[in-house]
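Now for the letters of each chain:
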Amino acid sequence: GLELVKRGVGAGGMNAPAAFRKEGEDKPALEEHLVIEFRDGVRLFVPVSLIHLVQKYVGPAKGTPDLSKVGGTLWSKQKQRVTEAVTDMAADMLRLQAVRHARPGVPCDPDSHLQQEFEASFPYVETEDQLRAIQESKADLERAEPMDRLICGDVGFGKTEVALRAAFKVVDAGRQVAVLVPTTVLADQHFRTFCDRMAEYPITIDMLSRFRTKGEQREILGRLETGGVDILIGTHRLVSPDIKFQDLGLLIIDEEQRFGVAAKEALKHLRLSVDVLTLSATPIPRTLHMSLLGIRDISNLTTPPPDRQPIETRIGRWDEELIRHAVVRELNRGGQVYFVHNRVHNIRTIVDRLQKIVPEARIGIVHGQMAEHELEDGMLSFIARKTDILVATTIIESGLDIPNANTIFIHQADKYGLADLHQLRGRVGRYKHRAYCYLIVEEGRILTRPAARRLKAIQEFSELGAGFKIAMRDLEIRGAGNILGTEQSGHIAAVGYELYCQLLENAVRTLKGEAPRISPHVHIDLPIEAYLPGDYVPPGRQKLDVYRSLSAVTTVDELASFASELRDRFGPLPLVAEHLIALRELELLAFRWRVTTVRLEEGYAVFEYADASLIRSLASRQPKVLRVVDSRCAFLVLPNPPIVGRPLVEHLKSVLR
């Protein structure tokens, strides 16, 4: 459990040296504490000044983590195991990076006029993130060492255009490009996109897939070897040993986590000599992004395209009138409809029910138990607009981009996890039309509380890029697993997402010979009341967030802007809140001198320190009042008569300045 309570602070009030207690004062100074409950009902009080040590556990949605015992060793062992695992993983990634840096690549020339012309023909306005990703990938291509960049972004945020421009640059430099995708349907989709965008340029694009006969495949491979194909798009067949390029310059991989082990091994070797650009539809959260910096080049697309509208999400029971109205509205504007039903055994019944409701619609079916060619035919006839409604299982969850389909029904929506609902909803709204998502619950079915909460959450978070907020529990774990490999998901579940990212960042810094990141926190033990009153910042989640933001401040300038934001949101600061800001500033100033604790003894302020040379330097500036007495403490003579409260804090700040 987690709650905020006010408690007396050690040095305040009754525990303060007599000289520092106000006359008649018999109540202790107050500070707010978090109450954390461990196993067996043991409660621990954590002052909010140490709130940075407490994190919300974010793990896979299934199951609850085991509570630890206060004083037990289980937690430290788990942490140790995860630390070793992230260190090994980071070492592997750094090793691969070092080998790549040591091998010479073939740099591309700066942009030609053809490249500029190609980029100007893009019919949309690029987002800021997109422009940055394009700039970064082109800079990588112009360097003499092989590129290995990961482009992450939610569905429809423009990853393909980044890949198109990189591919054009490499072909313009006279080299070949391979585009590797997990499914034949996706290969067909990329083939169309590349052909459309590059139609006006002398670039030969071809596709290697099951849709090509044996003879056609042989002919394509022959042309590939002699340089007659500039861009080749295909499934894992592209990494077979019999495929020979005349001069491969760039490999673009879409959704790498969906390939098998053999394909991944082949890719690992290619990575060492060829420029590689990987696309992933899993948004990468900022914390993971920060902790991976320095071992992976990542471009993160978080801004939706400017004309994109949020998807209108509605929850309801099975209602024939509603279904007919929604389908007819979509068909009347020339669109198509997805109907997701995740049970293969009775999917035909659903088709029959729909056919009765909308007899004029052409309905197709796809599910994972179909033969591969049937599945692809079903998908392709939907893409070619030969069917109006596609009844499907969650097989449509990833990768397909059909701008024309802008209404989706998710049947028995209460049975899905948040991440699945978010991914499925992302299938629509890929175009500038308003998109609709209907979460259908079967008649007469009583919802469990967690299911009702999930549906409510997905309805509330319908704004664009809500991918992070929404399925924070599930998406971030799954996202991290996709980017780092599945075995890492287990480690994240063991210690929670935030701590995992912290351990990863420290492992990277250690391996690169940098000091681990230290939080600027000092134990301040002074008799002064400092907290956010309940009538100033309302109790609950909001107050915790404000305390966390204060704890994350690392410079005096940041602290000043934090205080002005507080005034902006909640009004003028009450006295006890001003004290809180003043104490945080004292902490930041003390941290610069590597002081670890500030406390009081009769007539003195005691600075416990961790760096002898720094404290001696401080003492040399204040020779009369600051005395270093041993290898741990320095004593500061305080003015007489004694000062208390805020004047005392200001005096200590001026000494440390």
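A. Local environment of the overall build of the protein. Within the protein, the regular secondary structure consists of 22 helices and 21 strands. A total of 657 residues make up the protein; the buried ones form 50% of that total. Here the protein has roughly 30800 Å² of accessible surface; of this, 52% comes from carbon and sulfur atoms.

B. Broad picture of helix α10 (residues 347-357). Turning to α10, its buried residues are Ile347, Ile350, Val351, Leu354 and Ile357. Seen from one end, α10 has its buried residues packed into an arc of 125 degrees, which puts them on one side. For α10, the exposed residues lying more than 90 degrees away from the buried face are Arg348 and Lys356. In this structure, the buried residues of α10 make contact with α9 (320-332), β12 (336-340), β13 (363-366), β14 (389-392) and β15 (405-411).

C. Layout of the sheet that holds strand β16 (residues 436-441). Ordered by their spatial adjacency, six strands build an open sheet running β11-β16-β15-β12-β14-β13, and the pairing between neighbours is parallel. The open sheet is flanked by β11 (312-317) and β13, the only strands paired with a single partner. In this sheet, neighbouring strand axes are inclined to one another by 20 degrees on average, regardless of whether the strands run parallel or antiparallel. Alignment of β12 against β14, held across four bridges, turns out to be parallel.

D. Examining the sheet that holds strand β19 (residues 604-609) more closely. In spatial order, the strands read β17-β18-β19-β21-β20; together these five strands make up an open sheet with mixed pairing. Strands at the two margins of the open sheet, each flanked by one partner only, are β17 (523-524) and β20 (626-628). Sitting on the sheet, helix α21 (residues 612-621) is in contact with β18 (595-601), β19, β20 and β21 (633-637), with an inclination near 150 degrees to β20.

E. Geometry of helix α22 (residues 645-656). The terminal C-alpha atoms of α22, which comprises 12 residues, lie 17 Å apart, in line with the 16 Å expected from a rise of 1.5 Å per residue. On the buried face of α22, the contacting elements are α20 (575-592), β18, β19, α21 and β21.

F. Region of interest: the pattern of salt bridges. Tallying each qualifying case throughout the model produces 39 salt bridges. The salt bridge involving Asp206 is made with Arg212; its shortest N-O contact spans 3.3 Å. Residue class for Asp206 comes out buried when judged on its relative accessible area of 10%. As a salt-bridge pair, Asp242 and Arg237 come within 3.1 Å of each other at their nearest N and O atoms. One network of salt bridges, with partners in common, ties together Asp111, Glu119, Glu126, Lys138, Glu142, Glu161, Arg165, Lys169 and Arg197.

G. Region of the structure containing the pairing of strand β2 (residues 30-37). For β2, a buried count of six out of eight residues is recorded, marking the element as mostly surrounded by other parts of the structure. Inspection of the sheet shows β2 paired to strand β3 (residues 43-47) by five bridges, in the antiparallel sense. Opposite His33, over in β3, you have Pro47 as the bridge partner. Between β2 and β3, which follow one another and run antiparallel, lie five residues, and Asp40 among them has a positive phi close to 65 degrees.

H. Structural view of the environment of Thr83. Note on placement: Thr83 falls in helix α1 (residues 74-102). For Thr83, a relative accessible area of 26% corresponds to the partly exposed category. For the pair Thr83 and Ala507, spaced 424 residues apart in the sequence, the C-alpha separation amounts to 7.5 Å.

I. Up close: the side chain of Asn406. Assignment of secondary structure puts Asn406 in strand β15. In this structure the side chain of Asn406 is engaged in a polar contact, spanning 2.9 Å, whose partner is the backbone nitrogen of Gly429. Residues in contact with Asn406, not counting those within four places in the same chain, are Glu330, Arg333, Gln336, Val428, Gly429, Arg430, Tyr431, His433, Arg434, Ala435 and Tyr436.

J. Representation of the packing of helix α18 (residues 541-552) against helix α19 (residues 556-570) within the structure. Two numbers describe how α18 lies on α19: the axes approach to 10 Å, and their chain directions differ by 160 degrees. Overall, the two elements α18 and α19 adopt an arrangement that is roughly antiparallel. Note on packing geometry: the crossing formed by α18 with α19 is left-handed. Within the contact between the two elements, α18 uses Gln542, Val546, Ser549, Leu550 and Ala552 and α19 uses Glu558, Leu559, Phe562, Leu566, Arg569 and Phe570. Tallied by class, residues from the contact of α18 with α19 come to seven nonpolar, two polar and two charged.

K. Representation of the packing of α20 against α22 in the model. As a packed pair, α20 and α22 sit with axes 9 Å apart at the nearest point and diverge in direction by 25 degrees. Taken together, the axes of α20 and α22 lie roughly parallel to each other. Once α20 is placed against α22, the crossing between them reads as left-handed. From α20, Glu578, His579, Ala582, Leu583, Glu585, Leu586, Leu589 and Ala590 reach across to α22, where they touch Arg646, Val649, Glu650, Leu652, Lys653 and Leu656.

L. Expanded view of the environment of Val46. In this structure, Val46 sits in strand β3. Judged by its relative accessible area of 10%, Val46 falls in the buried class. Considered as a pair, Val46 and His33 are 13 residues apart in the sequence and their alpha carbons are 5.1 Å apart. When residues no more than four places from it in sequence are discounted, the contact partners of Val46 are Glu32, His33, Leu34, Ile36 and Val54.

M. Structural context of the packing of aromatic side chains. Summed over all chains, the structure comprises 10 aromatic pairs. Ring geometry for Tyr604 and Phe635: centres 5.4 Å apart, planes at 80 degrees, overall edge-to-face. Note that Tyr604 is positioned in strand β19 and Phe635 in strand β21, a separation of 31 residues in sequence. Since its relative accessible area comes to 16%, Phe635 is described here as buried. Site record: aromatic cluster; members linked through ring pairs are Trp318, Phe339, Phe409 and Tyr438. In this structure, Arg197 packs its charged tip against the face of Phe118, placed 4.3 Å from the ring centre. Over the face of the ring belonging to Phe191 we find Arg212, whose NZ or CZ atom lies 5.7 Å from the ring centre.

N. Inspection of the pairing of strand β7 (residues 231-234) at higher detail. Side-chain alternation along β7 places Ile231 and Ile233 on one buried face and Leu232 and Gly234 on a second face that is also buried. In the sheet, strand β5 (residues 176-180) pairs with β7 via four bridges, with the strands oriented parallel. The residue of β7 that forms the bridge with Ala178 is Leu232. Pairing between strand β6 (residues 205-208) and β7: four bridges, direction parallel. In the strand pairing of β7, Met207 is matched with Ile233. The parallel pair β6 and β7 is bridged by helix α6 (residues 214-225), and the resulting crossover is right-handed.

Rules used throughout
- Residues numbered from 1 in each chain as written.
- Predicted model: local features only at pLDDT ≥ 70, side-chain atom pairs only at ≥ 80, totals over all residues.
- Heavy atoms only, no water.
- Helix = DSSP H or I, 4+ residues; strand = E, 2+ residues; numbered from the N terminus.
- Buried < 20%, exposed > 50% of the residue type's maximum accessible area, 1.4 Å probe, protein only.
- Areas by Shrake-Rupley, 256 points an atom, 1.4 Å probe, with all protein chains shown as cover.
- Arc of directions from axis to C-beta.
- Contact = heavy atoms within 4.5 Å.
- Pairing = 2+ DSSP bridges.
- Axes fitted to C-alpha atoms, helices over the stretch in contact; angles between N-to-C directions.
- Expected span 1.5 Å × (residues − 1).
- Salt bridge = Lys/Arg side-chain N within 4 Å of Asp/Glu carboxyl O.
- Polar contact = N/O pair within 3.5 Å; in protein donor to acceptor, adjacent residues only side chain to side chain.
- Parallel < 35°, antiparallel > 145°, perpendicular 65-115°, else oblique.
- Left-handed = near helix turned anticlockwise from the far one by under 90°.
- Nonpolar A, V, L, I, M, F, W, Y, C, P; charged D, E, K, R; others polar.
- Phe/Tyr/Trp six-rings, centres within 6.5 Å; stacked < 30°, edge-to-face > 60°.
- Lys NZ or Arg CZ within 6 Å of the ring centre and 35° of its normal.
- Right-handed = clockwise from strand over helix to strand, strands pointing away.

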